[in-house]
Amino acid sequence: MEKCYLHICGVSGPIILSSSAHLLRMKQVETFLKEDKILLQIDLKPALSEEVLDKRIIKDFEENKNRQFKNSLDELLPKKMIEAIIILSEISPEKKVNEITKKERQKLVRLLKHFELTIKGFGEIEEAIITAGGIDVKEVDSSTMESKKVKGLYFAGEILDVDAYTGGFNLQIAYSTGYTAGKSIQNKERKL
Ligand SMILES: Cc1cc2nc3c(=O)[nH]c(=O)nc-3n(C[C@H](O)[C@H](O)[C@H](O)COP(=O)(O)OP(=O)(O)OC[C@H]3O[C@@H](n4cnc5c(N)ncnc54)[C@H](O)[C@@H]3O)c2cc1C
């Protein structure tokens, strides 16, 4: 198993998207990234306490007594996670599960409940769902979406410096500002 595997993994999903938006706004983020100070801790088994998880692993190991450690985690983890967990557990993948010590098992439990990653940077723009930055909303009349600087110029959606958590809010921003801008243009044309 190659150690470098662990250096190329990425994390995604709604919580990660929202967290990354907060991180990007943090003044010292670049320094903290360089100094490996931004850590992400994931509870891979949130429904089980450490004690219950330990019992569950004991049961799994008993049922797979003669199997090697690397072949005993199928029921516990998604396929893609198994290799990483084996490396980080520091338990030999070839070791028979009935030879795994209590100390090793307890380390495995802690690893699953406190899976820690060091954040090294942000994903590429191509992977982004929403963009921060853009036209300053102070420069736009929110009742019409017309620019305060350039008459007859309207803004809506992503081009504005507005971003929200994922969950439909960004689409709502696009729909509401688009509707307002469209209606304002229509009203203006009627008056002409
Ligand atoms: C994968 C993904 C998942 C998302 N999931 C969610 C979600 O779950 N909830 C949520 O709230 N938001 C979500 N978003 C964000 C949301 O889709 C955007 O905030 C929203 O679509 C922005 O609308 P918009 O009209 O401003 O821009 P866009 O939807 O990007 O529309 C801009 C349009 O302009 C066109 N265009 C660009 N340049 C030109 C040009 N020169 N001439 C003519 N046309 C041009 C583009 O082709 C595009 O059709 C997601 C975004 C992505 C990428």
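Reading the values: the criteria
Residues numbered from 1 in each chain as written. Predicted model: local features only at pLDDT ≥ 70, side-chain atom pairs only at ≥ 80, totals over all residues. Heavy atoms only, no water. Phe/Tyr/Trp six-rings, centres within 6.5 Å; stacked < 30°, edge-to-face > 60°. Helix = DSSP H or I, 4+ residues; strand = E, 2+ residues; numbered from the N terminus. Buried < 20%, exposed > 50% of the residue type's maximum accessible area, 1.4 Å probe, protein only. Contact = heavy atoms within 4.5 Å. Domains from an automatic or database assignment. Buried area = accessible area lost by both parts, 1.4 Å probe. Salt bridge = Lys/Arg side-chain N within 4 Å of Asp/Glu carboxyl O. Near = heavy atom within 4 Å. Polar contact = N/O pair within 3.5 Å; in protein donor to acceptor, adjacent residues only side chain to side chain. Areas by Shrake-Rupley, 256 points an atom, 1.4 Å probe, with all protein chains shown as cover. Nonpolar A, V, L, I, M, F, W, Y, C, P; charged D, E, K, R; others polar. Axes fitted to C-alpha atoms, helices over the stretch in contact; angles between N-to-C directions. Parallel < 35°, antiparallel > 145°, perpendicular 65-115°, else oblique. Left-handed = near helix turned anticlockwise from the far one by under 90°.

## Examining the packing of aromatic side chains
Stage number 1. Here the structure, examined in full by the defined rule, presents one aromatic pair.
Stage number 2. The interplanar angle of 85° and the centroid separation of 6.3 Å between the aromatic rings of phenylalanine 61 and phenylalanine 69 together place this pair among those described as edge-to-face.

## Considerations on the environment of lysine 96
Stage number 1. When you line up the elements, lysine 96 lands in the loop between helix H4 (79-89) and helix H5 (102-113).
Stage number 2. For lysine 96, a relative accessible area of 34% puts it in the partly exposed group.
Stage number 3. Lysine 96 sits 35 residues away from phenylalanine 61 along the chain, and the two C-alpha atoms are 9.3 Å apart.
Stage number 4. Apart from residues lying up to four places away in sequence, lysine 96 is in contact with Lys65, Asn66, Arg67 and Gln68.

## Examining the domain arrangement of the chain
Stage number 1. Each assigned domain of the chain is listed here: domain 1 (3-118) and domain 2 (131-191).
Stage number 2. Using C-alpha coordinates to define each centre, domain 1 is positioned 44 Å away from domain 2.
Stage number 3. The interface is formed by five residues belonging to domain 1 together with four residues belonging to domain 2.
Stage number 4. The largest per-residue losses of area from domain 1 upon contact with domain 2 belong to Ser18, His22 and Arg25, which jointly make up 71% of the total buried on that side.
Stage number 5. At the junction of domain 1 with domain 2, the criterion picks out one salt bridge.

## Some words on the site of the ligand
Stage number 1. All residues in the neighbourhood of the ligand are listed as Ala128, Ile129, Ile130, Gly157, Glu158, Thr166, Gly167, Gly168, Phe169, Asn170, Leu171 and Ala174.
Stage number 2. With respect to the ligand, the backbone of glycine 168 contributes an N or O atom lying 3.1 Å from a nitrogen atom.
Stage number 3. Taking asparagine 170, its main chain carries an N or O atom lying 2.9 Å from an oxygen atom of the ligand.
Stage number 4. In isolation the ligand exposes 1000 Å². Once the protein is present, 34% of that is buried.
Stage number 5. Of the residues contributing to the shell around the ligand, the split by class is six nonpolar, five polar and one charged.

## What to know about unusual backbone geometry
Stage number 1. In the Ramachandran plot, aspartate 36 falls in the positive-phi region, its phi being about 55° despite a non-glycine side chain.
Stage number 2. Looking at the secondary structure, you find aspartate 36 in the loop between helix H2 (29-34) and strand E1 (39-42).
Stage number 3. Classification of aspartate 36 by relative accessible area gives partly exposed; the value is 36%.
Stage number 4. Of note in this structure, methionine 145 is not a glycine but carries a positive phi near 65°.
Stage number 5. Within the secondary structure, methionine 145 sits in the loop between strand E3 (140-141) and strand E4 (146-147).
Stage number 6. Look at methionine 145 and you get buried, because its relative accessible area is 6%.

## Points about the packing of H4 against H5
In a pair of packed helices, the angle between the axes and the distance between the axes together describe the arrangement.
Stage number 1. Between H4 and H5, the shortest axis-to-axis distance is 10 Å and the interhelical angle comes to 130°. Classified by the angle between their axes, H4 and H5 sit oblique to one another. You can see that H4 and H5 cross each other, and the crossing is right-handed. Here Ile85, Leu88 and Ser89 of H4 come into contact with H5, specifically with Lys107, Leu108, Leu111 and Leu112.
Stage number 2. Here the contact of H4 with H5 is composed, by residue class, of five nonpolar, one polar and one charged.

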